[in-house]
Amino acid sequence: MPKEKSNNASSGQDVSKAKIGFVSLGCPKNLVDSERILTQLKTEGYDVVPSYDDAELVIVNTCGFIDSAVQESLDTIGEALAENGKVLVTGCLGAKDDEIREIHPNVLGVTGPHAYDEVLSQVHQYIPKPKHDPFVSLVPDHGIKLTPKHFAYLKISEGCNHRCTFCIIPSMRGDLDSRAVGDVLSEAKRLVNAGVKELLVISQDTSAYGVDTKYRTGFWDGMPVKTRLLELCEQLSKMGVWIRLHYVYPYPSVDHLIPLMAEGKILPYLDIPFQHASPRILKLMKRPGNIDKTLERIKNWRKICPELIIRSTFIVGFPGETEQEFEELLDFLKEAQLDRVGCFAYSPVNGATANELPDPIDEEIKQERLERFMAVQESISAAKLKQKIGQEFLILIDEVHPDGAVGRSYADAPEIDGVVHLTDEFDVKPGDQIWVQIIHSDAHDLWGVRVED
């Protein structure tokens, strides 16, 4: 993921000795951690600057999920050290203090993921809190956001109770730790009041929300609300914005969310990482392995909510994957007819138990399977998008450029799915919602023209 650096303006105070640079890497969950740290820095009067040269110190929030992300994080730490010299490291890779210091011994401090207080303590150690009048430099109620103003990520929990063999997230972020439902809903309300039109609900395992609390009853706005995804979605649906669910593990409880989608309360969109279709490979991954049941559930979901969009991710070339098992995966793709799909060639992650499995797959075979997989899915995607020609959709505008506007329908999450191009449409701004008729498609995107509401 490209580096994201805050470009928040200075408060106008003399904070020349309290300027912080910030680089955020990785997934949306990491982005939310960055937003929380930045909010606290701004609350304490630090100025967050967009360049290494202007910063007294640089914080790098790292990703450590796969080897390429680890390398990007290490490279970014090196760049920050070379350009600035004073660097604090936090985030998922920060859980591997020795690995970081072996390559970059001159970092000032290392902390793991969601270590907000420790990061602030380290900042205080090297750059004392500035003299600060909070009434001159107010931080908005919704905090500092790194996303555009019209959408925001809403993180509902940390950690994960699963032990998928290809994943090291629990070793970095710990077991499931659900946020209080009242805190989640209060944050959502602040974001909506600030103009957010779309809330993207995220966590390591969204459908497990509340399991660790035994679905304890919390309170929000004077009402009792269970700490459970269904009740959370019911409350979020009352806020009048798009609610999109990501990282949903395929528990049976997901079935209860589909009626909410059919009723238009939350977006008919599910991001469910199925990972594979071979029962044996899924067992090696420690993932749910009853594919026939999965296909049956998908059919039932679509029967209840025909508009449902299903996004998923898969891994090819997992250790021991045979050609026949890969063909099972392709057959699943063809039968499931998923709308949006991402795929990765298996990459050994330092610390993952899958590394100990026998029969690793040759890199050339991995890439060949990845290409075959994506060719099948591209054909499916092209056919499904072509069916939308002539239909009308409500579009949320993301940007306006010299050729026109670009937006998304309910079927498209930001940055990972397709977009709707509106050529020569300029009378809109980011965050606007307009009705559009689809006139053209390809394997990834749609083109449309504005119609009257």
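Placed above this text is the structure.
In this report, the structure presented in the accompanying data block is examined. (Residues numbered from 1 in each chain as written. Predicted model: local features only at pLDDT ≥ 70, side-chain atom pairs only at ≥ 80, totals over all residues. Heavy atoms only, no water.)

1. A closer look at helix H10 (residues 291–304)
Rules: Under the scheme used here, helices are H or I runs from DSSP no shorter than 4 residues and strands are E runs no shorter than 2 residues, and both carry numbers assigned from the N terminus. Every helix has an expected span of 1.5 Å times one less than the residues it contains. When accessible area is computed with a 1.4 Å probe and restricted to protein chains, residues below 20% of their type maximum are described as buried, those above 50% as exposed, and intermediate ones as partly exposed. As used here, the arc is the angular range of directions from the helix axis to the C-beta atoms. Here, residues are in contact when the closest pair of their heavy atoms is within 4.5 Å.
For H10, built from 14 residues, the straight-helix expectation of 20 Å at 1.5 Å per residue is met to within 8% by its first-to-last C-alpha distance of 20 Å. All of the buried residues in H10 are Ile291, Thr294, Leu295, Arg297, Ile298 and Trp301. Considered in projection along H10, the buried side chains sweep an arc of 160° and stay on one side of the axis. Residues of H10 that are exposed and point more than 90 degrees away from the buried face comprise Asp292, Lys299 and Lys303. Looking at the packing, one finds that the buried side of H10 touches helix H8 (258–262), strand E14 (269–271), helix H9 (279–285), strand E15 (309–316) and helix H11 (323–336).

2. Things to note about the pairing of strand E10 (residues 198–202)
Rule in force here: DSSP-based pairing: two strands are paired if at least 2 bridges between them are found.
By the criterion of burial, E10 is predominantly enclosed, with five of the five residues buried. Burial of E10 is two-sided: the residues Glu198, Leu200 and Ile202 facing one way and the residues Leu199 and Val201 facing the other way are all buried. Note: E10 against strand E13 (residues 242–245), four bridges, orientation parallel. Residue pairing in the sheet places Leu199 in a bridge with Ile243 of E13.

3. With respect to the packing of helix H6 (residues 181–193) against helix H7 (residues 229–236)
Here is the rule we go by: Note on geometry: axes are lines fitted to C-alpha atoms, helical ones only across the stretch in contact, with angles between N-to-C directions running from 0 to 180 degrees. Roughly parallel covers angles under 35 degrees, roughly antiparallel covers those over 145, roughly perpendicular covers 65 to 115, and oblique covers all other angles. Crossing handedness follows the turn of the near helix against the far one: under a right angle anticlockwise gives a left-handed crossing, and clockwise gives a right-handed one. We call Asp, Glu, Lys and Arg charged. Ala, Val, Leu, Ile, Met, Phe, Trp, Tyr, Cys and Pro are nonpolar, and the rest, Gly among them, are polar.
At their nearest, the axes of H6 and H7 sit 11 Å apart, and the two run at 25° to each other. As judged from the angle between their axes, H6 and H7 are roughly parallel. Taken as a pair, H6 and H7 cross one another with a handedness that is right-handed. Along the contact surface, H6 presents Val181, Val184, Leu185 and Ala188, while H7 presents Leu232, Gln235 and Leu236. In the contact of H6 with H7, the residues fall into six nonpolar, one polar and no charged.

4. Things to note about the packing of aromatic side chains
Note the following rule: Two rings belonging to Phe, Tyr or Trp (six-membered ring only in the last case) form a pair when the distance between their centres is within 6.5 Å. Interplanar angles under 30 degrees mark stacking, angles over 60 mark edge-to-face geometry, and anything in between is tilted. By the criterion adopted, a ring carries a charge over it if an Arg CZ or a Lys NZ lies within 6 Å of its centre and within 35 degrees of its normal.
Counted under the stated rule, the structure contains eight aromatic pairs. Considering the side-chain rings of Tyr249 and Tyr251, the 5.0 Å spacing of their centres and the 45° angle between planes classify their relative orientation as tilted. Seen in terms of ring centroids, Phe274 and Phe332 are 5.9 Å apart; in terms of plane orientation they differ by 75°. Their pairing is edge-to-face. Linking Phe274 in the loop between E14 and H9 with Phe332 in helix H11, this pair joins segments that are 58 residues apart in sequence. Here Phe274 matches Phe332 in class, with each residue buried. Taken together, the ring pairs in this structure connect Phe274, Phe314, Phe332 and Phe373 into an aromatic cluster. The ring of Tyr269 has Arg244 sitting right over it, with the charged end atom 4.5 Å from the ring centre.

5. Concerning the state of the cysteines
A covalent bond between the sulfur atoms of two cysteines is referred to as a disulfide. The criterion, for reference: Criterion for a disulfide: a pair of cysteine sulfur atoms within 2.5 Å.
Counting across every chain of the model gives zero disulfides. Summary of cysteine pairing: Cys233 is not part of a disulfide, and the nearest cysteine sulfur, belonging to Cys305, is at 13 Å. Judged by relative accessible area, which is 0%, Cys233 ranks as buried.

6. Digging into H6
Between its first and last C-alpha atoms H6 spans 18 Å; for 13 residues at 1.5 Å apiece the expected length is 18 Å, and the two agree. Buried within H6 we find Val181, Gly182, Val184, Leu185, Glu187, Ala188, Leu191 and Val192. Buried residues in H6 make contact with strand E7 (151–155), E10, strand E11 (217–220), strand E12 (223–226) and H7. Taken from the residues just after H6, Gly195 is the one with a positive phi, measuring 110°.

7. A few points about the nonpolar core
Applicable threshold: Here, nonpolar core means buried Ala, Val, Leu, Ile, Met, Phe, Trp, Tyr and Cys residues that are tied together by side-chain atoms lying within 4.5 Å of each other.
Of all hydrophobic cores here, the largest spans 72 residues; its most connected members are Leu199, Leu236, Leu270, Phe314, Phe332, Leu338 and Phe373. Apart from the residues within four sequence positions on either side, Leu338 is in contact with Phe274, Ile298, Arg302, Ile310, Ser312, Phe314, Phe332, Leu333, Gln377, Ile380 and Lys384. Among the nonpolar cores identified, the runner-up in size contains 26 residues, and Phe393, Leu396, Val428 and Ile438 belong to it.

Note that all results are geometric; they support no functional claim without further evidence.
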